[in-house]
Amino acid sequence: MPIFFNYPFHSNGFIPHGHCYLWQTGLVWLHIISDATIALAYYSIPFLLIYFISKRKDVPFNGVFLLFGAFIIACGTGHLMDIWTLWHPDYWITGGLKALTAIISIYTAFALFYLMPQALTLPSPAQLEAINCVLSTEIVERKRIEQELRLAEEVAQNSSQAKSEFLANMSHELRTPLNGILGYTQILQRTESLSEKGRKGVSIIYQCGSHLLTLINDVLDLSKIEARKLELYAVDFYLPAFIDSVAEICRIRAEQKVIAFHIQLDPDLPTGIHADEKRLRQVLINLLSNAIKFTHQGSVTFKVQVIGQESNANGQTNYKIRFQVVDTGTGISPEQAEKIFQPFEQVGNQKRQSEGTGLGLAISQKIVLLMGGEIQVQSEFGKGSTFWFEAKLPESKDWAKVSRVVEQGTIIGYQGQRRTILIADDKWENRSVIVNLLEPVGFTVVEASQGQEAWEQALAYKPDMIITDLVMPILTGFELIERLRKPGPFKEIAVIASSASVFAIDQHKSIDVGADAFLPKPVEAETLLEMLRQFLHLEWIFDVKVDAIKKTYTGGLDQQNEEMIYPAKEVLQKLLELTEDGDIQKILELAEELSASDQQLSVFAQQLVQLASNFQLKRLESFIQEYIN
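Quick summary incoming for the structure in this document. All figures in this text were calculated on a predicted structure; none of them were measured in a lab. (Residues numbered from 1 in each chain as written. Predicted model: local features only at pLDDT ≥ 70, side-chain atom pairs only at ≥ 80, totals over all residues. Heavy atoms only, no water.)

Before going further, it helps to examine the sheet that holds strand β11 (residues 465–469). Overall, parallel pairing links the 5 strands, which are arranged β10-β9-β11-β12-β13 in an open sheet. On the outer flanks of this sheet lie β10 (444–448) and β13 (517–520), each paired with one strand and no other. Within the sheet, the average angular offset between the axes of one strand and its neighbour, ignoring direction, is 25 degrees. Judged from the 5 bridges that link them, strand β9 (residues 420–424) and β10 form a sheet pairing that is parallel. Across the sheet, the residue bridging to Thr420 is Thr444, located in β10. Against the sheet, helix α14 (residues 451–461) makes contact with β9, β10 and β11, and its axis sits at roughly 145 degrees relative to β10, the strand it touches most. Sitting on the sheet, helix α17 (residues 525–536) touches β9, β11, β12 (494–499) and β13, and the angle it makes with β13 is about 165 degrees. (Pairing = 2+ DSSP bridges. Helix = DSSP H or I, 4+ residues; strand = E, 2+ residues; numbered from the N terminus. Axes fitted to C-alpha atoms, helices over the stretch in contact; angles between N-to-C directions. Contact = heavy atoms within 4.5 Å.)

With mixed pairing, 5 strands are arranged side by side in an open sheet as β2-β4-β5-β7-β6. Both outer strands of the open sheet, β2 (260–265) and β6 (376–380), are each paired with one neighbouring strand and no more. Between one strand and the next, the sheet's axes are offset by a mean angle of 15 degrees, whatever the strand orientation. In this structure, β6 lies alongside strand β7 (residues 384–394), joined through 5 bridges in antiparallel fashion. Residue pairing in the sheet places Glu380 in a bridge with Gly384 of β7. With respect to the sheet, helix α9 (residues 277–293) is in contact with β2, β4 (299–311), β5 (317–327) and β7, its orientation differing from that of β5 by roughly 20 degrees.

This part is about the packing of aromatic side chains. Under the counting rule described, the total for this entry stands at 7 aromatic pairs. Between Phe323 and Phe389, the ring centres sit 5.2 Å apart and the planes meet at 25 degrees, which makes this aromatic pair stacked. With Phe323 in strand β5 and Phe389 in strand β7, this residue pair connects regions lying 66 residues apart in the sequence. With a relative accessible area of 2%, Phe323 lands in the buried category. (Phe/Tyr/Trp six-rings, centres within 6.5 Å; stacked < 30°, edge-to-face > 60°. Buried < 20%, exposed > 50% of the residue type's maximum accessible area, 1.4 Å probe, protein only.)

So, on to the environment of Thr386. When you line up the elements, Thr386 lands in strand β7. Separated by 86 residues in the primary sequence, Thr386 and Val300 place their C-alpha atoms 9.8 Å from one another. The contacts of Thr386, once residues within four sequence positions are left out, are Gln324, Val325, Val326, Gln376, Val377 and Gln378.

This paragraph deals with the packing of α9 against helix α12 (residues 360–370). Packed helix pairs are specified by the crossing angle of their axes together with the interaxial distance, meaning the distance between the axes. Orientation of α9 relative to α12, taken along the N-to-C sense of each, is 140 degrees, at an axis distance of 10 Å. Comparing their axes, α12 and α9 come out oblique. In this structure, α9 meets α12 at a crossing whose hand is left-handed. Every residue of α12 that contacts α9 at Arg279, Gln282, Val283, Asn286, Leu287 and Asn290 is listed here: Gly360, Leu361, Ile363, Ser364, Ile367 and Val368. Grouping the constituent residues of the contact of α9 with α12 by class yields 6 nonpolar, 5 polar and 1 charged. (Parallel < 35°, antiparallel > 145°, perpendicular 65-115°, else oblique. Left-handed = near helix turned anticlockwise from the far one by under 90°. Nonpolar A, V, L, I, M, F, W, Y, C, P; charged D, E, K, R; others polar.)

Glancing now at a nonpolar patch on the surface. Taken together, Ile106, Phe110, Phe113 and Tyr114 make up a surface patch of nonpolar side chains, about 520 Å² in accessible area. Examined against the element boundaries, Phe110 turns out to sit in helix α5 (residues 91–121). (Patch = residues over 30% accessible without salt bridge, like charges linked within 9 Å, V, L, I, M, F, W, Y side chains within 5 Å. Areas by Shrake-Rupley, 256 points an atom, 1.4 Å probe, with all protein chains shown as cover. Salt bridge = Lys/Arg side-chain N within 4 Å of Asp/Glu carboxyl O.)

Trans is the common state for peptide bonds, and a negative phi is the common state for residues other than glycine. In this structure, Lys462 takes a positive phi of about 50 degrees despite not being glycine. When you line up the elements, Lys462 lands in the loop between α14 and β11. You can call Lys462 partly exposed: its relative accessible area is 49%. Phi at Ile474 is positive, roughly 65 degrees, even though this residue is not glycine. Residue position: Ile474 is located in the loop between β11 and α15 (477–484).

Between its first and last C-alpha, α9 extends 24 Å over 17 residues, near the 24 Å set by a 1.5 Å rise per residue. Among the 17 residues of α9, 13 are classified as buried, and the element is accordingly described as predominantly covered. The N-cap of α9, judged by a side-chain oxygen 3.1 Å from the amide nitrogen of Arg279 a few residues on, is Asp276. (Expected span 1.5 Å × (residues − 1). Polar contact = N/O pair within 3.5 Å; in protein donor to acceptor, adjacent residues only side chain to side chain.)

A few words now on the packing of helix α20 (residues 569–581) against helix α21 (residues 584–597). Between α20 and α21, whose axes approach to 9 Å, the crossing angle comes to 155 degrees. With respect to α21, the axis of α20 lies roughly antiparallel. You can see that α20 and α21 cross each other, and the crossing is left-handed. Of the residues in α21, those touching α20 at Val571, Lys574, Leu575, Leu578 and Thr579 are Lys586, Ile587, Leu590 and Leu594.

One pass over the structure, following the stated rule, counts 2 cavities of 30 Å³ or more. The calculated volume of the largest cavity comes to roughly 40 Å³. Looking at the largest cavity, the residues that line it are Asn179, Ile423, Asp425, Asn430, Ile434, Ile467, Thr468, Asp469, Ser498, Lys521 and Val523. For the lining of the largest cavity, the secondary structure elements donating two or more residues are α13 (428–438) and β11. (1 Å grid on protein atoms, 1.4 Å probe; cavity = no way out; pocket = protein on both sides within 12 Å on 5 of 7 lines; lining within 4 Å. Points joined across faces, edges and corners; volume = space filled by probe spheres on them.)

Its place among the elements puts Asp425 in the loop between β9 and α13. The residues contacting Asp425, other than those within four sequence positions of it, are Asn430, Arg431, Ala448, Ser449, Asp469, Met472 and Lys521.

Moving on, we get to a negative patch on the surface. Taken together, the side chains of Glu255, Glu577, Glu580 and Asp581 make up a negatively charged region of the molecular surface. It is α20 that provides the largest number of residues to the negative patch, a total of 3 residues. Along the chain, Asp581 turns up in helix α20. (Lys, Arg positive; Asp, Glu negative; His and termini not counted. Charge placed at Lys NZ, Arg CZ, Asp CG, Glu CD.)

When the charged atoms of two side chains with opposite charge come close together, those side chains can pair. Throughout the structure, instances matching the rule amount to 11 salt bridges. Ionic contacts of the salt-bridge type, sharing partners, join the residues Glu141, Arg144 and Glu148 into one network.

What follows deals with the environment of Ala454. Structurally, Ala454 is set in helix α14. A C-alpha to C-alpha distance of 9.8 Å links Ala454 and Ile467, two positions 13 residues apart in sequence. When sequence neighbours within four positions are dropped, the list of residues in contact with Ala454 reads Leu422, Ala424, Ala448 and Leu480.

As structure tokens, then:
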């Protein structure tokens, strides 16, 4: 074996190549220079390939490049061996090197054979140029489409903003005459002695105005929902009273249609909850009103039940409450059920459809979705429907702190010195409403038609309170409030911002610049008087007749037992039956008969009238039951 390995290096018996060239110097150097140049060129190519591969790792077929490099190195080495054999006839080594070169070249050829189809799929420069042209065209087209989308989005935003501005202006313009209509109906109801026909006429005007205001609010609510600006404002409130007030409103409507109205309440309902009282009432009244509207015989049932509860980390209990409305009305078909939650969609006959905007269920669904639930419906055409939704509502322990004050009667004045109120509004009809509401109660009212005049009037009259509109010429309400809040004589004065604007940003901005409260238009007399009581620390003087009722009622049932003369038990039982039936008219007639029959029963009769007129049937039932027992 050692002899075999030594054999290739054994050159005895061979002559070097130089002898073949007869050692002619020119011929020998020609071969030396030529082979050396070829070898140098061969060696440079693999190094360039290796450098290229190291810089472009993403180039395919790197293995072929390496094989090709090995083949060229072997070829270059063969030319160097040709120079070596000029003097050293190591022909076995030269032959072995050529054999190795042959093996590498064959392997490279096979590799190229298998890779050729893939290589042919690579795009040519012409194809790459064509592809680049297509890509350039697509990029230009895409940029054009993106530009069109941006323009369309800007147009949509501008349209949405224009719609919002239009709705805001429309609302402001509609609320201004409504402020006069609703304001003067309240003034007439409070200050004028009207005939029964006149009283009913004024009441109808107020109801129609309130209905128109509700329709306006529906459209604006839908606009807020579309702009994703509708938000919930949760407060603590007393749940039983809330349910009772909703039920009483709808019970009256049911009685007018002579259909039964039932309430089923879960005994485990929490006493107080934390939720958006206004929006929850809006949803429930809408569902109940729809049920009553489409029920011509039978009943409507309002169910409220607890279906789950859990405690959070703060120890607060979250109740999952289901609100359900079941009716025996006309029902709806499956096709209609799919559309009733869409805006402006209404079902039923044409007469029924004309009784609303078709926005109630769409808005209610959006509100419930904000609460984390969804209104569901099951209905059978001709037999009735069931609407329900579930909401997680935190229990409130502090509901009593923010509970509403029960109306105590007609205010005819207040105790203490006469107070001066400055009202600033560029619409005379708006000023007139507040003037006619406040002057009969004993206030001195000073008017100003714009902000600068209001500032001058404030300096002249030193009012106790200022009520200002927000949009006025020369000096706006915002600017007036900012001027009042600067260090000076009016820094601590109570300022109420009043506007028909429906956007929360205007309300928040008025508070931010220094207003103490916001009074929406149309102005509600009770809201205005409550603000006056709160900020001026007033104690109202009520009508003597109402004061008599107040004494017996606010003292509690125990005090009533001691001071009030009540009728026989049979009469009380009759009153209790009428109350359970919800027959307000018969209760009022019986109260009038009791007062006329015996002067000592007048206070008791007045208490009946007070509770029945306000539709406080639960309180009335407790009041009568106390005397029966």
